[in-house]
Amino acid sequence: MKNILITGGAGFIGSQFVKLMLEKYDYNIINLDLLTYAGNLENLKDIEDKKNYTFIKGDICDKVLVNEIFKKYEIDTVVNFAAESHVDRSIENPEIFLITNILGTQNLLENAKKYWKLTPEDKYSREYKDGVKYLQVSTDEVYGALGEEGMFTETTPLNPNSPYSSSKASADMLVRAYYETFGMPMNITRCSNNYGPYQFPEKLIPLMINNCENDKPLPVYGDGMQIRDWLHVKDHCIAIDTVLHKGAIGEVYNIGGNNEKANIDIVKLIISTIGKSENLIKYVKDRPGHDRRYAIDNTKITTQLGWSPSYTFEQGIAETIQWYLNNKNWLEKITSGDYMKYYEKMYK
Ligand code: NAD
Ligand code: TYD
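What you see is a predicted model; the values in this text were computed from it and never measured. Just so you know, the residues in each chain are numbered from 1, in the order the chain's sequence is written. In the order they appear in the text, chains get letters beginning with A and ligands get numbers beginning with 1. This being a predicted model, a pLDDT of at least 70 is required before a residue's local features are given, and a value of 80 or more before pairs of side-chain atoms are given or counted; all residues contribute to the totals for chains, interfaces and linings. Where side-chain values are given, they derive from all heavy atoms of the structure, hydrogens and water being excluded.

## Quick look at the packing of aromatic side chains
Alright, step 1. Centre distance within 6.5 Å is the pairing criterion for rings of Phe, Tyr and Trp, where only the six-membered ring of Trp is used; planes under 30 degrees apart are then read as stacked, over 60 as edge-to-face, and the remainder as tilted. On inspection of all chains with the given rule, the structure shows 15 aromatic pairs.
Alright, step 2. Where Tyr195 meets Phe313, the ring centres are 5.3 Å apart and the plane angle is 70 degrees; that geometry is what we call edge-to-face. With Tyr195 in strand E7 (residues 194–195) and Phe313 in helix H11 (residues 313–326), this pair connects stretches of sequence that are 118 residues apart. Across the pair, exposure class does not vary: Tyr195 and Phe313 are buried alike.
Alright, step 3. Where Trp323 meets Trp330, the ring centres are 5.4 Å apart and the plane angle is 70 degrees; that geometry is what we call edge-to-face.
Alright, step 4. Look at Trp323 and you get buried, because its relative accessible area is 16%.
Alright, step 5. In this structure, Lys113 is placed above the aromatic ring of Phe182, and the distance from its NZ or CZ to the ring centre is 4.1 Å. Elements are defined by DSSP. Helices are runs of H or I of four residues or more, strands are runs of E of two residues or more, and each kind is numbered from the N terminus. The classification of residues rests on relative accessible area computed with a 1.4 Å probe and restricted to protein chains. Under 20% of the type maximum is buried, over 50% is exposed, and intermediate values are partly exposed. Whether a charge lies above a ring is judged from NZ of Lys or CZ of Arg, which has to be within 6 Å of the ring centre and within 35 degrees of the ring normal.

If you want it as structure tokens, here you go:
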């Protein structure tokens with residue numbers, strides 16, 4: 001029996017991961033989430049009554065709270081999803097990204113280090129099945145941008161371009177430092193762009209579906225030829241589960257499904273699936289520092305750990321569009337109030 005602290009478990013990816021863990025294992029799951037604009041307990045309705053599941057509303061930066069959680073629940077595993085995650089917001093207000101993504105990560109690491117009584121020698125001796133692990137959910141954006149050629153491997157130097165990606169890169173550096181200096185048994189995963197149900201509609205795919213359905217303009221940044229490597233959120237969660245259980249201590253694993261698409265092609269696909277006109281497309285000012293292309297080389301996780309994606313993009317995107325159309329209540333609730341203020345400011 002394991003006692004897993006999942007942080008950010010009310011967000012898009014974290015909530016899918018909480019559900020996967022509860023479906024697959026008898027572990028105790030403790031979900032620590034601050035419920036910022038991006039956290040939504042509706043995402044967890046199906047499992048909230050499970051006896052091996054506990055939700056705690058709180059901040060990963062809160063030293064006293066995180067210390068209490070380690071002690072009370074005898075935490076042996078941390079999977080850290082909690083983060084400020086939207087690039088455009090990081091351009092508007094970088095500070096909160098540094099606080100949550102960097103200091104929050106350091107607070108989790110420090111508490112894990114103390115509670116697990118780590119020594120530097122642990123680095124060479126620990127195996128997850130008998131012990132403890134800290135898993136940092138990172139992003140391919142820490143590697144910066146690619147030109148037309150090449151892919152990110154785990155040894156590509158970190159070269160982040162936005163306040164968001166630089167805060168995530170800083171967190172990765174700290175995780176690495178806690179491994180090297182204190183023997184923290186850790187893994188870092190770096191995944192490409194996710195899509196699927198329950199994604200907050202500030203991100204490209206749900207924003208375009210929502211606007212398209214409501215006949216609102218579809219704001220495409222710059223020339224729309226930026227490329228992202230899309231992966232279904234469930235495949236990401238299965239990959240994290242694989243790394244958690246099979247990943248060699250101290251290793252970084254890239255996660256991606258070899259599925260590069262230009263933004264404009266995604267937007268056109270959404271328009272044609274919903275049956276609207278391409279006249280809705282509106283080219284708007286480009287994002288400052290906009291990364292041109294991301295592409296993940298997934299050789300390490302596929303060959304060493306045996307993970308591979310189960311969704312094709314065609315199947316996943318069709319199901320995702322249908323999910324948003326069938327769950328308009330979910331969208332309506334979160335696109336009122338504060339979100340509309342943000343939207344009007346961003347896209348005015
Ligand atoms: P999200 O914004 O949907 O969810 C983040 C969650 O963290 C929310 O529930 C929020 O309430 C919570 N949170 C924020 N600040 C907190 C704090 N101080 N203390 C506790 N909880 C806090 O993000 P997401 O898309 O689910 O991403 C989850 C993780 O995966 C992030 O670390 C992100 O960097 C990483 N990631 C995301 C993608 C993607 O495409 N979405 C791709 C690769 C990696
Ligand atoms: P996003 O979903 O914000 O993810 P990220 O920036 O982390 O990759 O954006 C995906 C791509 O879509 C990115 O190249 C920016 C672009 N984009 C638009 O063209 N218009 C929009 O309104 C948004 C939100 C994104």
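Read on for the rest.
## Examining the packing of helix H9 (residues 263–274) against H11
Alright, step 1. Convention adopted: a line fitted to C-alpha atoms gives each axis, helices being fitted over their contacting stretch, and angles between N-to-C directions are expressed from 0 to 180 degrees. One way to put it is that H9 packs onto H11 with a least axis distance of 11 Å and a crossing angle of 60 degrees. Overall, the two elements H9 and H11 adopt an arrangement that is oblique. As H9 packs across H11, the resulting crossing turns out to be right-handed. On H11, the residues touching Ile266, Leu269, Ile270, Thr273 and Ile274 of H9 are Phe313, Ile317, Ile321 and Leu325.
Alright, step 2. Residues are sorted three ways: Asp, Glu, Lys and Arg are charged, Ala, Val, Leu, Ile, Met, Phe, Trp, Tyr, Cys and Pro are nonpolar, and all the rest, Gly among them, are polar. Class assignment for the residues of the contact of H9 with H11 results in 8 nonpolar, 1 polar and no charged. Roughly parallel here means an angle under 35 degrees, roughly antiparallel means over 145, roughly perpendicular means 65 to 115, and every remaining angle is called oblique. Left-handed describes a crossing in which the near helix is turned anticlockwise from the far one by less than a right angle; the clockwise case is right-handed. In this analysis, two residues are considered to be in contact whenever any of their non-hydrogen atoms come within 4.5 Å of each other.

## Notes on the site of ligand 1
Alright, step 1. Distances are taken per atom, and a residue is near a molecule or strand as soon as one of its heavy atoms is within 4 Å of it. Around ligand 1, a shell composed of 28 residues is seen, among which Asp33, Asp59, Ser85, Tyr164 and Lys168 lie nearest.
Alright, step 2. Phe81 places a main-chain nitrogen or oxygen 3.0 Å from an oxygen atom of ligand 1.
Alright, step 3. In isolation ligand 1 has 840 Å² of accessible area, and contact with the protein removes 97% of it.
Alright, step 4. Those elements giving two or more residues to the shell around ligand 1 turn out to be helix H1 (12–24), strand E5 (133–139) and helix H6 (163–182).
Alright, step 5. Ranked by residue count, the leading element in the shell around ligand 1 is E5, at 3 residues.
Alright, step 6. Here the shell around ligand 1 is built from residues that sort into 13 nonpolar, 12 polar and 3 charged. Polar contacts here mean pairs of N or O atoms no more than 3.5 Å apart (in protein, one a potential hydrogen donor and the other a potential acceptor; neighbouring residues in sequence count only if both atoms are side-chain atoms). Computed by Shrake-Rupley with a 1.4 Å probe, the accessible areas treat only the displayed protein chains as cover when residues are assessed.

## As for the pairing of strand E8 (residues 218–221)
Alright, step 1. Of the two faces of E8, the one lined by Leu218 and Val220 and the one lined by Pro219 and Tyr221 are each fully buried.
Alright, step 2. Whether two strands pair depends on DSSP finding at least two bridges between them. Pairing between E8 and strand E13 (residues 281–284): 4 bridges, direction parallel. When the sheet's bridge partners are listed, Pro219 is paired in E13 with Lys282.

## Quick word on a nonpolar patch on the surface
Alright, step 1. Each patch groups residues whose relative accessible area exceeds 30% and which form no salt bridge, using 9 Å between like charges and 5 Å between nonpolar side chains of Val, Leu, Ile, Met, Phe, Trp and Tyr. Just to be clear on terms, a salt bridge is a Lys or Arg side-chain nitrogen sitting within 4 Å of an Asp or Glu carboxyl oxygen. Side chains of Ile96, Ile99 and Leu103 sit close together on the surface and give an oily, nonpolar patch of about 230 Å² of accessible area.
Alright, step 2. Topologically, Leu103 is positioned in helix H4 (residues 95–115).

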